[in-house]
Amino acid sequence: MKATDILVQCLENEGVEYIFGIMGKETLDLVDSLSRSKQIQFVNTRHEQGAAFMADVYARLSHKAGVCTSTLGPGATNLLTGIASATLDFSPVVAIIGQVGFERQHKESHQYLDLVKIFEPAAKWSIQIKDSLTLAEIVHKAFRTAKMEKPGAVIVELPENLAAQEISNDAITITPTPTFMSVDEEIIAAIAKINNSQRPFIIIGNGVIRAEAVTEVQTFINFLQAPVIHSMKAKGILPKDHPFNYFTFGFSQQDEVLLGIEMADLLIVIGYDFVERLPKEWNKKKVPVIHINAVSAEPDEYYPLQSELVGDLKRVMQALIELEINPKPWEPSGNLREQIKQVFHLNGGADSSLSITSILHAIEKRTCENTIVLSDVGSHKNSIAQTYQPKKPNKVIISNGLASMGIAIPGAIGAKLACPADPVICITGDGGALMNFAEIETAVRLGLVFVMIVLNDSKLKLEEQMMLKKLGNNHGTAFGNPDFVQLAKSFGIRGERPVSIQEFEEILDKALAQNELTLIEIKLENE
């Protein structure tokens, strides 16, 4: 069998269902081998960046590794943004990249770049296969590395001269990823510190969702009865109306939520990723910390460790809740929870204009437990992170580590393939929409159905706001746009442009009820 046949066997062995990408001369053998797979579907995308975003979001929702592919040179460099985004959002992605044969790599050569070096800063591991007999070992290691905490992207580069080489070795038997946890003495000591505190405050990060430890964390919260805040990617772990839910943080220096942290005497930080927001920005008073995570905490002056419980979060939380936890039912002063609800516009009903707030309230009213909402990057991202409240965890997908514009539309494709029965709504600005708008054709070709909401204000609004705040003037943020409704129709999908919130609600109801791929353009001139 040729090397790419063995490679496909390895991918099948890892449970791969989809590979997203664009083929080229150096990956023709791989695509040929994929054509004979009964398990893996090759999804031919319109841009490699879109392929990486699809693999990223697919991975976040499926709890499997997402896989993407490209040819060498510009195909590979087009993957780079999506690969870096997956790494900084801790999403397991394996990218298989074509490369020139060994005979061309020592000299100046058409389309040749040292891709292993280019991808090293953006990936957990970047490797070139130099011997076809090591292919099975490298592929298995790539998937293990991508999925182990903290997850991220791995690059496997396959030179063209090896791809068609005849080899005889087989795929490696898959073994479970090893887990570990803190020793009993550390867990008992942490419980003692919690029981001795008066005002503990819980901070939950996306690591809880990655570890599938939501039930254990919810049980711990209900035992302790202390206030809880989420990072924007951990939204939904507590229901909106839960009495201990103080919602989300990570937006600005003036987050009302941060007042609760300042009143605490102990922070219990579970599965939080520093990449979301550094402790200096939310723990200015250096409140002592109990760190509970899959990996050790990074040294940080504003993250003073009292205890550190490191290991498989699900097992660590199970061990904690088996011990006696003294309830600590305290409330931050100043009716803080109600203040947050007002500032974050969580009560709804007051805004009748066609604004991002009213749109989010309308979506929230119409979503079921399994509805997935994807946010692109822009001024609307903070509104979604603050205002929209999902009914379950891992149902709001936000690019936050790298904060990559253009993720929403290809991400919706990855979401729909990962969770075909779940409604999917992606929200993007006009800037992000046009970065990967061509992937609508990919969605049409695959027969996928979701709702795209394009917020059109003909500007980079977030950059305009930052420039006005910092410099007092604004320059270079405005641009023109096509007619998004007509552009949608040119792809053969439904396009609508409501002029009131009532009309938006009617269009959204129809799109969700009829299960139709729909683009809704929202003009935001007065936003």
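Here is what the cut-offs are and how they apply
Within each chain, residues carry numbers counting from 1 in the order of the written sequence. Given that the model is predicted, a residue must reach a pLDDT of at least 70 before its local features are reported, and side-chain atom pairs must reach 80 or more before they are shown or counted; all residues, however, enter totals for whole chains, interfaces and linings. Side-chain figures throughout are based on the complete set of non-hydrogen atoms in the structure, without hydrogens or water. Numbering of helices and strands runs from the N terminus, with a helix taken as a DSSP run of H or I at least four residues long and a strand as a DSSP run of E at least two residues long. Just to be clear, the radius of gyration here is over C-alpha atoms, and the globule rule we use is 2.2 Å times residues to the power 0.38. The buried label goes to any residue with under 20% of its type's maximum accessible area, the exposed label to any with over 50%, and the partly exposed label to all in between, with areas taken from a 1.4 Å probe on protein chains only. Paired strands are those between which DSSP finds at least two bridges. All axes here are fitted lines through C-alpha atoms, helices being fitted over the stretch that makes contact, and every angle between N-to-C directions spans 0 to 180 degrees. Throughout, a residue-residue contact means that at least one pair of heavy atoms, one from each residue, lies within 4.5 Å. Helix span, as expected, comes to 1.5 Å for every residue beyond the first. One axis is fitted to the seven residues ending at the residue and one to the seven starting there. The bend at that residue is the angle between these axes. The pairing test for Phe, Tyr and Trp rings, Trp by its six-membered ring, is centres within 6.5 Å, and the orientation test on the planes gives stacked under 30 degrees, edge-to-face over 60, and tilted for anything in between. In our convention, an over-ring charge means Lys NZ or Arg CZ found within 6 Å of a ring centre and within 35 degrees of that ring's normal. One speaks of a salt bridge when a side-chain nitrogen belonging to Lys or Arg is within 4 Å of a carboxyl oxygen belonging to Asp or Glu.

K.L.:
Describe the overall build of the protein, listing the residues and the values that go with them.
P.N.:
When you go through the protein residue by residue, the secondary structure sums to 21 helices and 18 strands. Against the globule reference of 24 Å for 527 residues, the protein gives a C-alpha radius of gyration of 24 Å, in line with a compact fold. Along the first, second and third principal axes, the C-alpha atoms of the protein reach 70 × 60 × 45 Å. Per-residue burial over the protein gives 58% buried out of 527 residues.

K.L.:
Account for the sheet that holds strand S18 (residues 518-523), naming residues and giving values.
P.N.:
Reading across from one edge, S14-S13-S15-S16-S18-S17 is the order of the six strands in this open sheet, with parallel pairing throughout. Of all the strands in the sheet, just strand S14 (396-398) and strand S17 (494-496) have a single pairing partner and so form its edges. Here the strands of the sheet are splayed against their neighbours by 15° on average, with no regard to which way each runs. Relative to S18, strand S16 (residues 451-456) runs parallel, the two sharing six bridges. Along S18, the bridge assignment pairs Asn456 with Lys523. Packing against the sheet, helix H16 (residues 408-418) makes contact with strand S13 (372-375), strand S15 (424-429) and S16, and its axis sits at approximately 170° to S15.

K.L.:
Go over the sheet that holds strand S4 (residues 93-99), please, and point to the residues and values.
P.N.:
The strand order S2-S1-S3-S4-S6-S5 describes an open sheet built from six strands, whose pairing is parallel. Both outer strands of the open sheet, strand S2 (41-44) and strand S5 (125-128), are each paired with one neighbouring strand and no more. Across this sheet, the average inter-strand angle for adjacent strands is 20°, counted without regard to direction. Pairing geometry for strand S1 (residues 18-21) and S2, over four bridges, is parallel. Pairing of Ile19 across the sheet is with Phe42, part of S2.

K.L.:
Outline helix H4 (residues 74-88), listing residues and values.
P.N.:
Its 15 residues place the ends of H4 22 Å apart at the C-alpha level, agreeing with the 21 Å of an ideal helix rising 1.5 Å per residue. The largest bend in H4 amounts to roughly 35° and is located at Leu80. Within the sequence span of H4, burial applies to Gly75, Ala76, Leu79, Gly82, Ile83, Ala84, Ser85, Ala86 and Thr87. Looking at the buried residues of H4, the elements they touch are helix H3 (48-62), strand S3 (66-70), S4, helix H5 (115-119) and strand S6 (153-159). Positive backbone phi, approximately 55°, marks Phe90, located one or two places after H4.

K.L.:
Before we move on, can you summarise the pairing of strand S11 (residues 289-293) with the specific residues and values?
P.N.:
Taken across its five residues, S11 has five buried, putting it largely inside the fold. Where burial is concerned, the two faces of S11 agree: the one with Val289, His291 and Asn293 and the one with Ile290 and Ile292 are both buried. Here strand S10 (residues 266-270) runs beside S11; their pairing, made up of four bridges, is parallel. Across the sheet, Ile268 pairs through a bridge with Ile290, a residue of S11. Here five bridges tie S11 to strand S12 (residues 305-310), and the two strands are oriented parallel to one another. Note on S12: the bridge partner recorded for Asn293 is Val310.

K.L.:
So what about the environment of Ile221? Which residues, and what values?
P.N.:
By the element assignment, Ile221 lies in helix H10 (residues 214-224). C-alpha separation for the pair Ile221 and Leu238, spaced 17 residues apart in sequence, amounts to 9.3 Å. When near neighbours in sequence (up to four residues on either side) are disregarded, Ile221 contacts Ile202, Ile204, Ala226, Val228, Leu238, His242 and Phe244.

K.L.:
Help me get a handle on the environment of Val57, residues and values and all.
P.N.:
The topology assignment puts Val57 in helix H3. Remark: the alpha-carbon pair of Val57 and Gln105, spanning 48 residues in sequence, is separated by 34 Å. Sequence-distant contacts of Val57, that is, excluding residues within four places in its chain, are made with Leu374, Ile397, Ile407, Gly411, Gly414 and Ala415.

K.L.:
Can you explain the packing of aromatic side chains? Please cite residues and give values.
P.N.:
In the structure shown here, the tally under the stated rule is 13 aromatic pairs. Consider the rings of Tyr272 and Phe274, whose centres lie 6.5 Å apart with planes at 55°: the pair is tilted. Judged by relative accessible area, Tyr272 falls into the buried class, the value being 3%. Judged by relative accessible area, which is 12%, Phe274 ranks as buried. Through a chain of ring-to-ring contacts, three or more aromatic side chains come together here, namely Phe249, Tyr272, Phe274, Trp282 and Tyr303. Lying over the aromatic face of Trp125, Lys141 brings its terminal NZ or CZ to 4.4 Å of the ring centre. For Lys150, the ring lying beneath its charged end belongs to Phe90, and the centroid distance is 4.8 Å.

K.L.:
Give a description of the pattern of salt bridges that names residues and reports values.
P.N.:
Where charged atoms from two side chains of opposite charge come close, those side chains can pair. According to the stated counting rule, one finds 29 salt bridges in the structure shown. The closest approach of N and O atoms between Glu149 and Arg210, which form a salt bridge, is 3.1 Å. Here Glu149 is found in the loop between helix H6 (135-147) and S6, whereas its partner Arg210 is found in helix H9 (residues 207-210), with 61 residues between them in sequence. In this structure Glu149 comes out as partly exposed when scored by relative accessible area, which is 32%. Within this structure, Lys2, Asp5, Asp29, Asp32 and Arg36 form a network of salt bridges that share partners.

Geometric descriptors of this kind do not, in isolation, establish any biological role.
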